[in-house]
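# Summary of the model geometry
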Amino acid sequence: LSSVFDELRAELRTFVEGRAEYLELDRLIGESSLQVQLALDDASSWFCKTTDKEAFRRTFKVEQAVNISIEAARKCLRDFNPVINIGQVPTDMVVMPSTLVFLHDVLFISLDNARIHSGLKNPNITINVNPDLINERFVINVLCSAKQSVRTEAERKLAVIRDNIENGELDSKTKIEGGSGLYKIAAVVKQTSKGHLLFGFTANGDFEIDVAYTFLGESIQLEETV
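Residues numbered from 1 in each chain as written. Predicted model: local features only at pLDDT ≥ 70, side-chain atom pairs only at ≥ 80, totals over all residues. Heavy atoms only, no water.

### Concerning helix α7 (residues 181-189)
- Among all positions in α7, only Gly181, Leu182, Tyr183, Ile185, Ala186 and Val189 are buried.
- Along its buried surface, α7 packs onto α5 (97-117), α6 (151-166), β6 (196-201) and β7 (207-214). (Buried < 20%, exposed > 50% of the residue type's maximum accessible area, 1.4 Å probe, protein only. Helix = DSSP H or I, 4+ residues; strand = E, 2+ residues; numbered from the N terminus. Contact = heavy atoms within 4.5 Å.)

Here you go:
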């Protein structure tokens, strides 16, 4: 990637050097190259094995986890600016990193589906999170406004996805880029009988995704002691 940036700057010099805008453009490309390298350095640290046992016991407040997930999803979907409303979210409990990762996956996939299928530039999206400790489940509900005109085609595609999930056709679908997000969620939640994935249009025409994710036993114990 560093070489690609260098090649870009060299090619641009051939075509636009001497123009007033060239120095500013060259500076911005240099800054972008630096940001990319820093991001890659940060990402590479994710794959370094840690011996810090406390890192695995780090917890996040649910509200904090939701905000982190939304911010991360927005960074990936920079050209998409929905109006996000955070509804019911508990303020008196924490979750483990594994739940934060899954929460991010669900919210990213929900926002990406809204970007592609809502037909709106700035759809209204409402997020509700309902931890159910009695049944050892973490329920995430995302509701997104959508144009009526896109509903027929969207429902046709959703029916195919729903049938494939019910028939257990998940492994091959999760490896396909584009449209595989719901399969990826299903592959996780269907590992236990307590999980579920429901999606479709409501009577009001909004698109709804409802996900139940099974807590790890350790995370429940930590939350009960808070």
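### Some thoughts on the packing of α6 against α7
- Running from amino to carboxyl end, α6 crosses α7 at an angle of 25°, the nearest separation of the two axes being 11 Å. Relative to α7, the element α6 is oriented roughly parallel. Of the two possible hands of crossing, α6 and α7 adopt the one that is right-handed. Residue-level inspection shows Leu158, Val160, Ile161, Asn164 and Ile165 of α6 in contact with α7, the latter providing Leu182, Tyr183 and Ala186.
- Its residues placed into classes, the contact of α6 with α7 shows seven nonpolar, one polar and no charged. (Axes fitted to C-alpha atoms, helices over the stretch in contact; angles between N-to-C directions. Parallel < 35°, antiparallel > 145°, perpendicular 65-115°, else oblique. Left-handed = near helix turned anticlockwise from the far one by under 90°. Nonpolar A, V, L, I, M, F, W, Y, C, P; charged D, E, K, R; others polar.)

### Describing the sheet that holds β7
- If you trace the five strands from one edge of the open sheet to the other, you get β2-β4-β5-β7-β6, paired in mixed fashion. The open sheet has two free edges, formed respectively by β2 (83-86) and β6, since each of these has just one partner strand. The sheet shows a mean angle of 15° between the axes of neighbouring strands, direction not considered.
- The sheet contact formed by strand β5 (residues 137-144) and β7 spans eight bridges and is antiparallel. Residue pairing for β7: Phe138 is matched across the bridge by Tyr213.
- Lying on the sheet, α5 is in contact with β2, β4 (124-132), β5 and β7; it crosses β5 at an angle near 20°. (Pairing = 2+ DSSP bridges.)

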